[in-house]
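# Observations on the model geometry
Listed below, chain by chain, are the residues.
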Amino acid sequence: MHDPNAPPDWQRAMLSIAEGDGDFLPLGDRHYAFFAEERPLLLVTFEDAAALRERTDNLPEFYQMARARGWSLLTILSEGDSWWRDPAVFRYFDRLADDGFLEDFDRVVFYGAGPSGYAAAAYSITAPGAELVLVAPRATLDPALAGWDERHRTARRLNFRSRYGYAPDMTESASRVWLIHDPLHRPDAMHAALFQRPWVTPLRARYTGEGTEDTLKEMRILDRILEAAMEGKFSAEYFSWLWRGRRSNGSYLRTILAAARLQGRRRREIMICRSVTSRLNAPRYARRLAELTGGYD
């Protein structure tokens, strides 16, 4: 017989972990906080509960990574596009700050991309000295400040002027903020400009468009970025070295070739195709090179 008080199936894996060293708390009607304790190194992430429910293990995206490295993990889950703008979430982070919870960790890294990058920046003020890794973060959706961003029209109704509101200002207690974005993608570049502060280092991932985080995952470098940040060893130079791997990334190569073709830059197309075919088995690029050079290369 079904117990009406039993938790939903999708929460059981998190509750099981929370029974050991951790916590699982509802925050109002639309949010949950999941905490898994390991060593005093903490990764803080923000995630859509719908994405978690689609996973076979029903665990936060970065749980396995954190566990494998012995990190503690705090993930704030949202139901729907709330942008984590909820008084219940405000109160939760107030409580963490008041209790000194985040100060008990040797290192704290906040991570987020897009909307969750907004939340990671906004709530990082509760953890002075934290390091932030933000991928194409939004600064705000306040129409007076970001009315040019057409991507999240329904979320503009949310109040971005109350507490924890304007993400760039909320990063002022961070030790370092690494902001990875595509400077050629206008909306993300404009949000990045709003984050300009002495402690913010922009890292450019050109030709990734809306898919900057996806490209970092495809290249298998997002984990390495977070590892280096957690060790206090991340740098612009290390990112540049990791980013060189794009020269073997299919979606990146397709994007730069398409851009050259669209711009009518034949010599650049030839250069890209020669570079790719000299390093990789790439029949498509070989065919295009033959078309561009009349078969003579």
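Report follows, based on the coordinates. (Residues numbered from 1 in each chain as written. Predicted model: local features only at pLDDT ≥ 70, side-chain atom pairs only at ≥ 80, totals over all residues. Heavy atoms only, no water.)

Once that is clear, we can look at the nonpolar core. In terms of nonpolar packing, the biggest core is built from 56 residues, with Y111, V133, I180 and L226 touching the most fellow members. When residues in this core are grouped by element, the largest group, six residues, is from helix α10 (residues 222-230). Aside from chain neighbours lying at most four places away, what touches L226 is F62, M65, W71, V109, Y111 and V133. Core analysis: the second largest hydrophobic core is formed by 43 residues, A33, L42, F90 and Y164 among them. (Core = buried A, V, L, I, M, F, W, Y, C linked by side-chain atoms within 4.5 Å. Buried < 20%, exposed > 50% of the residue type's maximum accessible area, 1.4 Å probe, protein only. Helix = DSSP H or I, 4+ residues; strand = E, 2+ residues; numbered from the N terminus. Contact = heavy atoms within 4.5 Å.)

The way to describe two aromatic rings as a pair is by their centre distance and the angle between their planes. Under the definition given, this model contains 21 aromatic pairs. Seen in terms of ring centroids, F24 and Y32 are 5.5 Å apart; in terms of plane orientation they differ by 10 degrees. Their pairing is stacked. Neither F24 nor Y32 differs from the other in exposure class; each is buried. R53 extends its terminal NZ or CZ atom over the ring of W10, reaching a point 4.8 Å from the ring centre. (Phe/Tyr/Trp six-rings, centres within 6.5 Å; stacked < 30°, edge-to-face > 60°. Lys NZ or Arg CZ within 6 Å of the ring centre and 35° of its normal.)

Backbone geometry places W84, a non-glycine residue, at a positive phi of 60 degrees. Look at W84 and you get buried, because its relative accessible area is 5%. Its identity is not glycine, yet Y164 carries a phi of approximately 50 degrees, on the positive side. Considering the arrangement of structural elements, one finds Y164 in the loop between α6 (143-146) and α7 (167-170).

The topology assignment puts S248 in the loop between α11 (236-243) and α12 (250-262). Residues S248 and P168, 80 residues apart in the sequence, show an inter-C-alpha distance of 34 Å. Setting aside residues no more than four positions away along its own chain, S248 makes contact with L253, R279 and L280.

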